[in-house]
Amino acid sequence: MGERLGCYAAEPRTCERVYVAFLFLPIKLISAVEVPMTDRVQAKQDLQFCCAELAKYQNLSRSGLKRHQMIAIDEIMIELKERIRNLRNIIN
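The model shown is predicted, which means the values in this text are computed figures rather than measured ones.

Caption draft 1: Structural context of the environment of Gln42. Among the secondary structure elements, Gln42 is positioned in helix H2 (residues 37-58). Separated by 45 residues in sequence, Gln42 and Leu87 have C-alpha atoms that sit 9.8 Å apart.

Laid out in C-alpha cells, this is it:
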C-alpha cells in the first residue's frame, strides 16, 4: 500500500526532505500587462507542471503521516493553488 508513495511513518526524514526540497522550487511571476509569447509558453509549461504536482499531493495517502508532515503537505498544496491561479491570470 505505501510502496507506491515511497513515504512511510518509519521514514519521516525521507518525506521531510521531499517536502522541503519542493518548497524551494523557483517561481517566476510576471507582473507585466502584456505578456510576450515566450513568457506565455513558459507560463503554460509552468501551469502544467504545477497542476501535475498538485494532483500528486492530492492523491497522497495521509494514513501513515504525522501531523507536521500533513501540515507541510497542506502548505505546499496552498502554494501550488496560488501559483496555478496566478499562472492562469497571466495566460488569459
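Caption draft 2: The arrangement of the pattern of salt bridges in detail. Throughout the structure, instances matching the rule amount to three salt bridges. With a closest N to O distance of 3.0 Å, Glu53 and Lys56 form a salt bridge. Residue Glu53 and its partner Lys56 are both found in helix H2; the two are separated by three residues, about one turn of the helix. Judged by its relative accessible area of 52%, Lys56 falls in the exposed class.

Reading the values: the criteria
Residues numbered from 1 in each chain as written. Predicted model: local features only at pLDDT ≥ 70, side-chain atom pairs only at ≥ 80, totals over all residues. Heavy atoms only, no water. Helix = DSSP H or I, 4+ residues; strand = E, 2+ residues; numbered from the N terminus. Salt bridge = Lys/Arg side-chain N within 4 Å of Asp/Glu carboxyl O. Buried < 20%, exposed > 50% of the residue type's maximum accessible area, 1.4 Å probe, protein only.

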